[in-house]
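Structural characterization, general
The primary structure of each chain is shown beneath.
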Amino acid sequence: LTSVVVIGAGALGSAYGACLAQAGADVQLLAREAHVRAIAEAGGIALHDGDAVQHVALRAEWRPEKVTPAEIAILLTKGHDSAAALDSLRHLLPGLRVAVSLQNGVVKDRVLAGWCGPERVAGGASLVGATLQRPGTVTLTSRGITYFGPGVEPLPRLLGDSGLETVVTDQIEAVEWAKLVQADAVMTITALTGKVMHAALLDSDLAELFVGLVREGDAVAAAAGVELRDIRGLFPLRSIAESGVEPVYEAGRALEARGATNVRVSMLEDVHRARRLEIDDVHGFLIAEADRLGVPVPLTRVSFDLLSALDRTRTAAPR
Amino acid sequence: MTDLELLSQVLGLEPEEVLRRPGAQRVLAALRVEAASDGPTPATDVVQALARARERG
């Protein structure tokens with residue numbers, strides 16, 4: 001039996017945990033107390049997927065010191081909570097075989113490497129969507145692809161058994177960078193306007209801004225030695241960087257054509273709930289890399305400042 | 001419309017609240033610098049693009 005611990009099991013982590021448990025893994029979630037209590041009370045988690053609801057037995061814990069050793073760790077905390085969460089789980093290190101983060105960005109792998117050593121870190125990127133309806137109940141909203149770097153077996157097979165598409169690639173860094181650049185552009189044009197995804201992509205001003213941000217991300221990635229490519233499941237960033245707005249409009253029209261007309265970034269919910277926004281590992285990372293590599297990223301800087309202005313946790317103390 | 005009013009509209013925040021956000025303060029400073037120079041105007045371009053998009057609903 002493969003043992004897996006999901007560190008930071010909010011919506012996405014709970015969905016992955018449920019899918020892995022369904023496929024036969026021994027899964028523990030490290031999650032918020034209310035979620036854990038609801039799971040304990042029900043004897044498992046309720047996984048909604050389309051019209052189907054499945055009750056999946058798994059273990060959950062909110063106290064890090066009570067988490068038991070597992071051979072695979074999946075990190076899905078908010079980026080700014082990673083270091084503290086991992087620090088509280090040092091007792092897992094002796095039995096750990098591999099750790100993978102499915103958070104946004106690239107810096108996550110460095111944080112993981114600092115915890116368990118780079119030899120045990122596999123890259124990963126998730127295009128799956130999920131929402132936590134209430135404690136103990138999670139809904140799969142989008143069955144996107146999960147990309148892994150090599151060395152994470154049997155995770156891809158187990159997720160595949162549960163019906164999630166997975167791809168193992170030795171080009172995982174390129175996938176992570178593409179997801180990072182997409183997140184940078186998408187968060188900017190949706191969270192700062194409140195628009196649903198397809199409407200933002202079809203807006204002429206926002207499409208231009210999207211292109212500008214993708215080109216800046218492309219330049220930073222290139223300077224870092226990573227070639228930005230069109231990745232299946234993401235917007236065609238290489239094409240957008242080279243061709244301009246038309247592929248952006250096409251992406252918007254494609255969403256509209258398949259009825260995906262209510263896609264909202266989770267950051268809007270974070271703004272609404274006055275939670276800290278996850279921009280440090282996306283815009284902040286790109287800016288830091290740009291500074292390190294001498295690449296100008298003026299649009300990304302303005303985006304970061306505007307998004308940080310929406311973040312009530314960054315409000316200055318009254319003078 | 002002043003820069004502060006424009007930013008207030010883009011962020012959906014009252015002007016006095018805008019002034020309490022360090023990120024907004026940096027954007028206001030950039031808008032002032034760009035207005036006084038003949039160089040590139042990224043902050044102005046981004047803020048105006050967002051404002052037009054918001055106006056279109």
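Our subject is the structure listed above.
As the structure is a computational prediction, the values presented were derived from the model and not from experiment.

1. As for the sheet that holds strand S12 (residues 146–148) of chain A
All names here are of chain A. As summarised here, the arrangement of the 3 strands in space is S9-S12-S13, forming an open sheet in which the pairing is mixed. Edge positions in the sheet fall to strand S9 (124–126) and strand S13 (166–168), since each of these pairs with one other strand and no more. The sheet shows a mean angle of 10° between the axes of neighbouring strands, direction not considered. Where S9 lies against S12, 3 bridges are found, and the strand directions are antiparallel. Paired with Ala125 across the two strands is Tyr147, which belongs to S12.

2. Observations regarding the packing of helix H1 (residues 3–11) of chain B against helix H4 (residues 42–56) of chain B
Residue and element names in this part refer to chain B. One can describe the packing of H1 onto H4 by two numbers: an axis separation of 9 Å at closest approach and a directional angle of 55°. In terms of orientation, H1 and H4 fall into the oblique class. Every pair of crossing elements has a handedness; the one defined by H1 and H4 is left-handed. Here Leu6, Leu7, Gln9, Val10 and Leu11 of H1 come into contact with H4, specifically with Val47, Gln48, Leu50, Ala51, Arg54 and Glu55. Partitioned by chemical class, the residues of the contact of H1 with H4 number 7 nonpolar, 2 polar and 2 charged.

3. Looking at unusual backbone geometry
The amide bond that connects A:Glu153 to the next residue, A:Pro154, takes the cis arrangement and shows omega of 10°. Assignment of secondary structure puts A:Pro154 in the loop between S12 and helix H5 (155–161).

4. Concerning the interface of chain A and chain B
Taken together, the 24 residues of chain A in the interface contact 23 residues of chain B. Between chain A and chain B, the buried area comes to about 2000 Å², and carbon and sulfur atoms account for 61% of it. For the chain A face of the interface with chain B, the top three residues by lost area are A:Asp205, A:Leu306 and A:Ala309, together amounting to 26%. On the surface where chain A and chain B come into contact, there are 4 salt bridges.

5. Section: the side chain of A:Thr169
Residues and elements named next belong to chain A. Tracing the backbone through its elements, the reader meets Thr169 in the loop between S13 and helix H6 (172–191). Look at Thr169 and you get buried, because its relative accessible area is 15%. From its side chain, Thr169 meets the backbone nitrogen of Gln171 in a polar contact 2.8 Å long. If we skip the residues at most four places from it in the chain, Thr169 touches Tyr147, Phe148, Gly149, Pro150 and Val175.

6. Some details on helix H12 (residues 280–293) of chain A
Residues and elements named next belong to chain A. All of the buried residues in H12 are Val282, His283, Phe285, Leu286, Ile287, Glu289 and Ala290. Considering only its buried residues, H12 is in contact with helix H4 (107–116), H6, helix H8 (204–223) and helix H13 (298–310). Within two residues after H12, Gly294 carries a phi angle of roughly 70°, on the positive side.

7. Quick look at the environment of B:Leu31
Residues and elements named next belong to chain B. Secondary-structure assignment places Leu31 in helix H3 (residues 22–35). Taking the relative accessible area as the measure of exposure, Leu31 reaches 4% and is therefore buried. Here the alpha-carbon distance between Leu31 and Leu7, two residues 24 residues apart in the chain, equals 10.0 Å.

About the cut-offs
Within any chain, residue numbers begin from 1 and follow the written order of that chain's sequence. As a convention, the first chain written is A and the first ligand written is 1, with the rest following in written order. Thresholds applied to this predicted model are a pLDDT of at least 70 for local features of residues and 80 or more for the giving and counting of side-chain atom pairs; totals over whole chains, interfaces and linings are not thresholded and use all residues. Side-chain descriptors were evaluated using all non-hydrogen atoms of the structure, hydrogens and water having been removed beforehand. Note on pairing: two strands pair once DSSP finds at least 2 bridges between them. Strands are runs of DSSP state E lasting at least 2 residues, helices are runs of H or I lasting at least 4, and numbering of each runs from the N terminus. Simply put, an axis is a line fit to the C-alpha atoms, just over the touching stretch for a helix, and the angle between two N-to-C directions goes from 0 to 180 degrees. Each angle receives one of four descriptions, namely roughly parallel if under 35 degrees, roughly antiparallel if over 145, roughly perpendicular if within 65 to 115, and oblique otherwise. Left-handed describes a crossing in which the near helix is turned anticlockwise from the far one by less than a right angle; the clockwise case is right-handed. Note on contacts: a residue pair is in contact if any heavy atoms of the two residues lie within 4.5 Å. Throughout, the ten residues Ala, Val, Leu, Ile, Met, Phe, Trp, Tyr, Cys and Pro are labelled nonpolar, Asp, Glu, Lys and Arg are labelled charged, and all others, Gly among them, are labelled polar. Two parts placed together each lose some accessible area under a 1.4 Å probe, and the buried area is that loss summed for both. Salt bridge, as used here, is a side-chain nitrogen of Lys or Arg placed within 4 Å of a carboxyl oxygen of Asp or Glu. Each residue gets one of three labels from its accessible area relative to the maximum for its type: buried under 20%, exposed over 50%, partly exposed in between, using a 1.4 Å probe on protein chains only. Think of a polar contact as two N or O atoms within 3.5 Å of one another; within protein, one of them needs to be a possible hydrogen donor and the other a possible acceptor, and neighboring residues in sequence only count if both atoms come from side chains.

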